[in-house]
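Each chain, letter by letter, is given below.
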Amino acid sequence: MNHPLNQTWNLEPIFAGGSTSEELHTYLQQVTKDIAALVERLGQLSAPATVEETTGFDELLESLQDVRIRLREAGAFAGCLTAQDQSDKQAVRLSASLSDLSAKLQGLFVQFQSLLLHTNDDVFQGWMQRPEVAPVSFYLSEIRALAGEKMSPELESLALGLAVDGYHGWSDFYDTIVSHVRIPYEQDGETIMLSAGQAANKMSDTNRELREQMFQKWEDAWTGVEDFCADTLNHIAGFRIKLYDSRGWDSVLKEPLAINRMSEQTLQTMWDVIVKNKPVFVSYLERKAQVLGVDRLSWNDVDAPLGTVDSQVSYDDAADLIVEQFRKFNPEMADFAVKAFEQRWIEAEDRAGKRPGGFCTSLPRSKETRIFMTYSGTASNVSTLAHELGHGYHQHVMNDLPAFSQQYAMNVAETASTFAEMIVADSLVKGASNAEEKLSLLEDKIQRSIAFFMNIHARFLFETRFYEQRRSGMVGSEQLNELMEQAQREAFCDTLSSYHPHFWASKLHFYKTGVPFYNFPYTFGYLFSTGIYALAQQEGASFAARYDALLQDTGRMTVEELAQKHLGVDLTQPEFWQGAVDVSIADVKLFLEMTEEHARS
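Here the structure is a predicted model, which is why all the values come from computation and not from measurement.

A.B. asks: Would you mind showing me how to read the overall build of the protein chain here?
C.D. replies: When helices and strands are counted, the protein chain shows 24 helices and five strands. The C-alpha radius of gyration computed for the protein chain amounts to 24 Å, which stays within 12% of the reference 25 Å derived for 601 residues, consistent with globular compactness. Each of the three principal axes of the protein chain carries a C-alpha extent, and together these read 80 × 55 × 50 Å. Here the protein chain holds 601 residues, and 56% of them are scored as buried. Relative to all contacts within the protein chain whose residues are 6 or more apart in sequence, the contacts with residues 24 or more apart total 76%. Total accessible area on the protein chain stands at roughly 24,300 Å², and carbon and sulfur atoms take up 49% of it. Looking at charge distribution, the protein chain has the averaged site of its 52 positive side-chain charges lying 1 Å from that of its 85 negative ones.

Structure (structure tokens):
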């Protein structure tokens, strides 16, 4: 690759001019007209009475897929604008306009679902078997079944329209809250104000005193906005509960499970296996406390690096490292990463004004992706970079599929990203030059297991219990703090000396309205990818093609079907999950062996 790499992304090839782009304005005017035309057209159509009549819907299917692709492109662009500069008010207004347009598109699909629902079963099955339609038959069958479990098309369209300024509006308001969060930090004798994203990176510092100071300031900052966050979270949850009740849904998990195309039995089996194995990971946390010289780990010690190994990795070195490890598994994956770095698809600059966190967004019309993060040189940053590139590669292998076959869920999206992380992390541990470096890298790898088995579990427990209480009325910030700490204590087996009661306020994922319960899919993806990675290790270079085939199927089958077809396993049973957890247990056992001297001291 050409060095030095630019750490800011280039959005101009998508729509020139940023949030005031005339090109985008014209583009959205056309999308708006096309959606209106499709609404009118659907209103004049009736369900096909014979399989022969379904041929008249081929062009309609193409138009629906095309308008969805174009709107996804614009939405991804707007998301990039608001993330890179939280003071860009025009970008915020653009996002609001796109939310309204998205609601119209969803209303259009409600009409389409109704047409599918009123198609005779035999005619529908014949329609799905036609060669022109078969590639998207899974998606069409899925949305037809879901339509039968919702309100009438008129009420669903009304709810979608009201959600723009209600449900999604509250999610947008959370972004406004975060944009005003500032945390003081002493640097070179003067106090500077860090954004939430910058402050979060400081809490991974090797200096424990600095971590403790920053964590207290972090808690103080979120205490200052806790009432705003509590109102926002309550209104998001209240909308969901009312909508679910109107649809006759008695479980808040019905929608997230449907979105993730997985059964409740699979979810419960996964959590049961994790809980059963937690004592091993408690041993790791206790040993880490001994290595750090403290009686018990505090919340901000859990993700802290170990030892004196310099964990700072330059952005260019991180890029070279990731490409090298990707190439050992799959040259095409490495080539994709090179393209992302060299063509400036990545926004990594450490500067004020950016939103916290990281993401990868797909631009299906351009057949590109954009990756967002704040890179400060930590091992965790390297992992995040590999993680987001894994997401990008997932979309890359699906770019030539029909739009309806690209609709993959969050849990399998997280499979691709965590698989990419594993390729990098495992290779680094195996290639460490000395014991100290190996221990540091191994510990960083285990940290991810702790995040998925304990931190994510705490989020799931909190959100489940919060929704139970929300049914009885608004839940205040003090109660939310108590629920959060209770969930953390349970998930971490009460091993820590301190917890993060305002985690519910500081974590964006609780406020995302696109995917409710933005937690358990991460753990699923981590363990599913672990099982895939173990198979890849056994099979060698020939597995790369199988991996691409698995990714291409993620938008056209349930996770249980995906696992059965490509791995030959049953996700509703504990055997697969135990085998995946065993991979992480092996890492913990190696860590305990390497730190045995601390247990005797």
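A.B. asks: Any chance you could explain the packing of aromatic side chains here in plain terms?
C.D. replies: We describe a pair of aromatic rings using the distance from one ring centre to the other and the angle between the two ring planes. Tallied over the full model, the rule gives 42 aromatic pairs. Ring centres of Phe576 and Trp577 lie 5.2 Å apart, and the angle between their planes is 80°; this geometry places the pair in the edge-to-face category. Pair check on accessibility: Phe576 and Trp577 agree, each one buried. Within the aromatic cluster, the residues linked to one another by ring pairs are Trp271, Trp299, Phe460, Phe462, Phe466, Tyr467, Phe492, Phe503, Phe510, Phe517 and Phe520. Over the ring of Phe109 we find Arg68; its NZ or CZ atom is 4.1 Å from the centre of that ring.

A.B. asks: Mind showing me how you'd approach a nonpolar patch on the surface here?
C.D. replies: On the surface, Leu155, Leu158 and Leu162 cluster together into a nonpolar patch covering about 290 Å² of accessible area. Note on placement: Leu158 falls in helix H6 (residues 153-165).

A.B. asks: Just checking my understanding: could you explain the sheet that holds strand S4 (residues 359-363) for this structure?
C.D. replies: Two pairing modes exist for strands in a sheet, parallel and antiparallel, and in both the strands are linked by backbone hydrogen bonds. In space, the three strands of this open sheet follow the order S3-S5-S4, with mixed pairing throughout. The sheet is open, and its two borders are formed by strand S3 (346-347) and S4, each paired with just one other strand. Where S4 lies against strand S5 (residues 368-372), five bridges are found, and the strand directions are antiparallel. Each residue of the ladder has a partner; that of Thr361, found in S5, is Arg370. Packing against the sheet, helix H15 (residues 379-398) makes contact with S3, S4 and S5, and its axis sits at approximately 20° to S4.

A.B. asks: Which parts of the structure should I look at to understand H6?
C.D. replies: Three or more residues of H6 are buried, namely Glu156, Ala159, Leu160, Ala163 and Val164. Along the axis of H6, the buried residues cluster in a sector spanning 150°; they form a single face. Residues Glu154, Leu162 and Asp165 are exposed on H6 and point more than 90 degrees away from its buried face. Tucked inside the fold, the buried residues of H6 contact helix H3 (89-117), helix H7 (167-179) and helix H10 (226-247).

A.B. asks: I would appreciate a short explanation of helix H4 (residues 121-129) in the present structure.
C.D. replies: The periodicity of an α-helix, 3.6 residues per turn, causes residues three or four positions apart to be oriented the same way. The complete set of buried residues in H4 reads Val123, Phe124, Gly126, Trp127 and Met128. Its side-chain oxygen 2.8 Å from the backbone nitrogen of Asp122, Asn120 forms the N-cap of H4.

A.B. asks: It is not clear to me how the side chain of Thr418 should be interpreted in this structure. Could you clarify?
C.D. replies: In this structure, Thr418 sits in helix H16 (residues 410-430). Within the structure, the side chain of Thr418 is placed 2.6 Å from the backbone oxygen of Glu414, a separation counted as a polar contact. In this structure the side chain of Thr418 is engaged in a polar contact, spanning 3.1 Å, whose partner is the backbone oxygen of Gly525. With residues up to four places along the chain from it excluded, the contact list for Thr418 reads His387, Phe452, Gly525, Tyr526 and Ser529.

A.B. asks: Explain the pairing of strand S2 (residues 190-194) here, please?
C.D. replies: Each regular strand carries side chains that alternate between the two faces of the sheet. One ladder, built from five bridges, connects strand S1 (residues 183-187) with S2; its direction is antiparallel. Opposite Tyr185, over in S2, you have Ile192 as the bridge partner. As consecutive antiparallel partners, S1 and S2 are separated by two residues, and within that stretch Asp188 has a phi angle of approximately 55°, a positive value.

A.B. asks: Before we go on, may I ask you to explain the side chain of Asp548 in this structure?
C.D. replies: Tracing the chain through its elements places Asp548 in helix H21 (residues 543-553). With no salt bridge to any partner, buried Asp548 finds its closest opposite charge in Arg546, at an N-O distance of 11 Å. Among the polar contacts listed, one links the side chain of Asp548 to the side chain of Tyr393, at a separation of 2.9 Å. When sequence neighbours within four positions are dropped, the list of residues in contact with Asp548 reads Asn330, Glu332, Tyr393 and Val397.

A.B. asks: How should I be thinking about the nonpolar core in this particular structure?
C.D. replies: Note on soluble globular proteins: their nonpolar side chains tend to be buried together. If you look at the biggest cluster of nonpolar residues, it comprises 148 residues, and the most contacted ones within it are Leu389 and Trp504. Residue contacts for Trp504: discarding those within four places in its chain leaves Glu226, Cys229, Ala230, Leu233, Phe462, Ser477, Leu480, Asn481, Met484, Phe510 and Tyr511. In terms of nonpolar packing, the next biggest core, distinct from the first, is built from 46 residues, Trp9, Leu61, Phe77 and Ala83 among them.

The rules we used
- Residues numbered from 1 in each chain as written.
- Predicted model: local features only at pLDDT ≥ 70, side-chain atom pairs only at ≥ 80, totals over all residues.
- Heavy atoms only, no water.
- Helix = DSSP H or I, 4+ residues; strand = E, 2+ residues; numbered from the N terminus.
- Rg over C-alpha atoms; globule rule 2.2 N^0.38 Å.
- Buried < 20%, exposed > 50% of the residue type's maximum accessible area, 1.4 Å probe, protein only.
- Contact = heavy atoms within 4.5 Å.
- Areas by Shrake-Rupley, 256 points an atom, 1.4 Å probe, with all protein chains shown as cover.
- Lys, Arg positive; Asp, Glu negative; His and termini not counted.
- Charge placed at Lys NZ, Arg CZ, Asp CG, Glu CD.
- Phe/Tyr/Trp six-rings, centres within 6.5 Å; stacked < 30°, edge-to-face > 60°.
- Lys NZ or Arg CZ within 6 Å of the ring centre and 35° of its normal.
- Patch = residues over 30% accessible without salt bridge, like charges linked within 9 Å, V, L, I, M, F, W, Y side chains within 5 Å.
- Salt bridge = Lys/Arg side-chain N within 4 Å of Asp/Glu carboxyl O.
- Pairing = 2+ DSSP bridges.
- Axes fitted to C-alpha atoms, helices over the stretch in contact; angles between N-to-C directions.
- Arc of directions from axis to C-beta.
- Polar contact = N/O pair within 3.5 Å; in protein donor to acceptor, adjacent residues only side chain to side chain.
- Core = buried A, V, L, I, M, F, W, Y, C linked by side-chain atoms within 4.5 Å.

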